[in-house]
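Listed below are the residues making up each chain.
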Amino acid sequence: MKDVLWLVQNMLRILFKSKKSVLLTLGLPIVGIIISLLMYGGTGTTNLHVGIVNHDSSRITTDTIKFINGLSHVDTKTVSPRTAKDEVAEGTLDCVITFDKGFTKSVESGIPDHIQIASIKGATVTGFVKSYLNNYLENIASFSKVANGHIDTYNQLYKTYQQSHFKVKTGTLKDTSKNKEMTYQTIGYLMMFMLYSAINLSGMITREKEGRTYFRLLSTPINSRKYVLANILTNLCVMILQIIIVIVVMTNVFHIHVSVPYWEIFVTLLLFALIAIGLSLAVVAFASSTSSMGAIENLIVAPTSMLSGCFFPIDVMPETIKKIAHFLPQSWLLDTINKLQEGQHFTGLYLNVLILLAFALAFFLIAAYKFSRNNQVSTFL
Amino acid sequence: MKVLELKNLTRRFGDFVAVDNVSLAIEEGEIFGFLGTNGAGKSTTINMISGLLRQSKGDIKLLDKEINKNKKFAKSNIGMVPQDIAIYEDLTAHENVQFFAGLYGLRGSELKNRVDEALQFVGLTSRAKDYPKNFSGGMKRRLNIACAIAHRPKLIIMDEPTVGIDPQSRNYILNSVHKLNEMGCTIIYTSHYMEEVEEICSRIAIIDHGKIIAEGTKEQLKAIITDTKDIWIGVHSPESLNISTLKAINGVNEVQVDEDVVKINSRADVNNLNRIIQYFINSGIEIRSIDEQAPNLDTVFLTLTGRTLRD
Ligand SMILES: Nc1ncnc2c1ncn2[C@@H]1O[C@H](COP(=O)(O)OP(=O)(O)OP(=O)(O)O)[C@@H](O)[C@H]1O
Ligand SMILES: [Mg+2]
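Residues numbered from 1 in each chain as written. Chains lettered and ligands numbered in written order. Predicted model: local features only at pLDDT ≥ 70, side-chain atom pairs only at ≥ 80, totals over all residues. Heavy atoms only, no water.

An unreviewed UniProt entry annotates chain B as Antibiotic ABC transporter ATP-binding protein originating from Pullulanibacillus camelliae.

If you look chain A up in an unreviewed UniProt entry, it shows as Transport permease protein from Pullulanibacillus camelliae. Looking at the Sequence similarities (unreviewed entry) heading of the UniProt record, one finds this comment for chain A: "Belongs to the ABC-2 integral membrane protein family." (UniProt positions renumbered as here; feature names shortened; annotations may be inferred.)

Below, the structure is given as C-alpha cells:
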C-alpha cells in the first residue's frame, strides 16, 4: 500500500504541475456554475404563485390575504379546494394556503389556528411565506390579549397595525425555484467536466505506455494492478476536490441556495465519481493510443451529457430522446438531485442509488475484462 | 557466485521466435556484453530478465532464485536502463530519480542521500532542478541511468545506453559503467558499437536471430576465427611475383596482390613466416614492411554472422 500511495502522490504532482490540467480539472467546473448563473440568474427574480382556499370569509382573512399579496415577489389567486392540489402538482402554483372555518375566531382569541400551507417543492418555498405569515398573525393575536375583550381597543390596534405594517414590510424572496434550476444545471455541467477530467487522468495510463514510463514502472516492484489502483485513487482524490470546490463556490461565492443538505449532494456526486472512473478506465482499456482515446472521449462525453439534460433541462426534449436518457447515468443522477430538491430523503431513493451503483459496477467490469484480454495478447511494442 | 543464469530461454511472438533457447551464466562482478544486429533479440531477452515479458519457455534465475516465483526480490535487485528513455518530462531531474528510488521502498534521509548520489554519479547535480525537456539527448540518457542506480541494485541492465549521443556524454557513461562495476555491480550491457563493447566488457555474447552463436572473453571470441592469419607484406615492385610458387609454401591458403601490398592468408598453426620471407629475398623483391593482421571483433562478427554489426 505504501508504494501505491507513493504512486498516487507522484500522479497528483504530475497533474498539478501542468497548468492545462489544473484549468481542466478545477477551473471548468466553476465555469459550469457561471454558465448556469447566466442561463437562469440574469433576468431577476420570478414571483412565487400562492393559491388561496378560503373557507372563512371575514375581515381578518381578507386582510391576511392582502398582506401575503403585498409581499414582494408573491402573487395570490383564489382557487377552489378541488383544483388546488392539481395546480400545485402541475407547478402553476408554488403553494396553497387554506383558511379553514374558525380561523378568524382563533386569531381573535389569541391562538392562531385553522390555517394550512401545502407545497410539493419542499420547505424552502413554504418556509418563506410561513415565517412572514406567522409573524403577522402573532401580532394580530397579541392585540386581543392587549385589548383584553375591549372591542374598540382591539379595532383601534388592528387598524393602526394594518396601516403601518405595509410600510415596514420588506423582504426579498429567496428565489428557490431559480436556485434549484441553477443548482441542477451546475451539477449537469459538473458531471460533464468530471467525465472529461476522469478520462484525462485515466489517460495518463495510455500516455505512460506511449512514453515508455509504464514499462519502466513495471520493472520496479510495482505491478500493473497496483498501478491501476493508484490511478483510480488519484482520480477519486481529484473528483472529491472538484465536488467540494463546486459546492463551496456555488453556495459561498455565488450564493446559490442548493436547498438540499450538502452531504446528500456530496454523496450523490461521489456515486457519479465512481461511474466516471469506471467509464474512463473502460475508455482507456479500449483505446489503443491517445488519439483514439480522444476520439472515443468526444463520441461519448458531450453527446450523452446533452441527451441526459446536463446542458438544458430534459423536459424540452422530444419523448424518444427522453427514453434514451434512461440508459444514461447522468440522467439518473440528475433525477436523484431533482428528487432530493423536492424534499425526498436520501434513504427513500435507494432505487436511484442502486441504478447508479450498477452503472459504476458495469463500467468497472467492462474495463477489467478488456484489460485482462489486453494482457493476454501482450501488447508490447 | 552466479548473479544471473538463463536456461533454454525462449520467447515466441506468434510463430516468430525472437529468443531461441538462450542459455548463459553471468558471474558477480562481470560486465557482460550483448552484441547483435537490429532485431537480434537483445531487448526481448532483457525484458524477460527484468520481468516485463513472460518467457515462452526456460528458466531465469537471479541470485539463485527463480525470478517468476520471487518477483519482488528479483525486481528490487535489478536496475533497468531501458533502450527507450523512460523519464517523466513533467518532473525535474531530482524528482524523477526520487520517484523511481521511492518505488524501491527508500524514504526519508536515506532516499535523499541516494538521489543526490545518483545524480552526482551521472554528473547532473547542477541540473537537478531542471526539467528534462530542456536536456540534451545525452543528459536524458544519463538521467535514465540515474533512475536505475539510486536503489543500488546488484545487477544493472543497460540496453543501448549510448544510442545517439555526443562523445562527451558517451565517455561519461562508459566511465560510470566502469565505476559502477568497481563498486561491485554486475552489469549487462548491450550496444551496437563494437568498440564500446570491446573496451568495457569482460565477457561477450553474440546473439543472432535469437540464438547465441558465440560467447566468451574477447580473446576467446577472437580465437574462434584465428585458425587462419593474415600477413600483409609491402613491396616495391610486385610485378615479378609468382603467386603459384608462394601458394605452394606449406600452410598458405590465399594470395592477393593489392597495389604494393601482397596479402597472404595462411593457416595459423603452421609456422611459415621464415619461408615466405625467404621467397621474397630469393626472387629479388624488396620488402618494405611486414604486418600480421590481428583479428578484431568486427571480423569475428562478420565471420560468424556473415554481416557487419550495423547492417
Ligand atoms: N511484442 C512483439 N510482438 C511481435 N514481435 C516482437 C515483439 N517484440 C519484439 N518482437 C520482434 O522480436 C525480434 C527481436 O526484437 P528485439 O527488440 O529483442 O531486438 P533487439 O536485438 O533489441 O534489436 P535493436 O538492436 O533494434 O534494439 C524483432 O524481430 C522484433 O520485431
Ligand atoms: Mg533493443
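(A) Region of the structure containing the packing of aromatic side chains. The final tally for this structure, using the stated rule, is 12 aromatic pairs over all chains. With 4.4 Å between their ring centres and 10° between their planes, Phe67(A) and Tyr136(A) make a pair best called stacked. Of this pair, Phe67(A) sits in helix 3 (residues 59–70) while Tyr136(A) is found in helix 6 (residues 123–147), placing the two residues 69 residues apart along the sequence. Judged by centre distance (5.7 Å) and plane angle (80°), the rings of Tyr279(B) and Phe280(B) are edge-to-face. (Phe/Tyr/Trp six-rings, centres within 6.5 Å; stacked < 30°, edge-to-face > 60°. Helix = DSSP H or I, 4+ residues; strand = E, 2+ residues; numbered from the N terminus.)

(B) Quick peek at helix 4 (residues 108–121) of chain B. Residue and element names in this part refer to chain B. Between its terminal C-alpha atoms helix 4 stretches 20 Å, which fits the 20 Å expected from 14 residues at 1.5 Å a residue. Of the positions making up helix 4, those classed as buried are Leu 111, Arg 114, Val 115, Ala 118, Leu 119 and Phe 121. Around the axis of helix 4, the buried residues are gathered within 155° of arc, so they sit on the same side. When the buried face of helix 4 is taken as reference, the exposed residues oriented beyond 90 degrees from it are Ser 109 and Gln 120. Following helix 4 by one or two positions, Gly 123 has its phi on the positive side, about 75°. (Expected span 1.5 Å × (residues − 1). Buried < 20%, exposed > 50% of the residue type's maximum accessible area, 1.4 Å probe, protein only. Arc of directions from axis to C-beta.)

(C) Structural view of the interface of chain B and chain A. Contact residues are listed per partner, giving 30 residues for chain B and 23 residues for chain A. When chain B packs against chain A, close to 2500 Å² is buried across both sides, 62% of that on carbon and sulfur atoms. Three residues stand out in chain B for area buried against chain A, namely Leu52(B), Tyr88(B) and Leu103(B), and they jointly supply 24% of the buried area on that side. The interface formed by chain B and chain A contains three salt bridges. As a salt-bridge pair, Glu95(B) and Lys17(A) come within 2.5 Å of each other at their nearest N and O atoms. Only helix 2 (71–76), helix 3 (93–103) and helix 5 (137–149) of chain B provide two or more residues apiece to the side of chain B that touches chain A. Counting residues per element, the side of chain B that touches chain A draws most heavily on helix 3 of chain B, at six residues. (Contact = heavy atoms within 4.5 Å. Buried area = accessible area lost by both parts, 1.4 Å probe. Salt bridge = Lys/Arg side-chain N within 4 Å of Asp/Glu carboxyl O.)

(D) Seen up close, the UniProt feature "transmembrane region" (unreviewed entry) in chain A. Residues and elements named next belong to chain A. In the numbering adopted here, UniProt assigns the feature "transmembrane region" (unreviewed entry) to residues 21–40, 187–206, 227–250, 262–287 and 349–371. End C-alpha atoms of residues 227–250 are separated by 35 Å, and the span's content is 100% helix alongside 0% strand. From the first C-alpha to the last, residues 349–371 spans 33 Å; its make-up is 96% helix and 0% strand.

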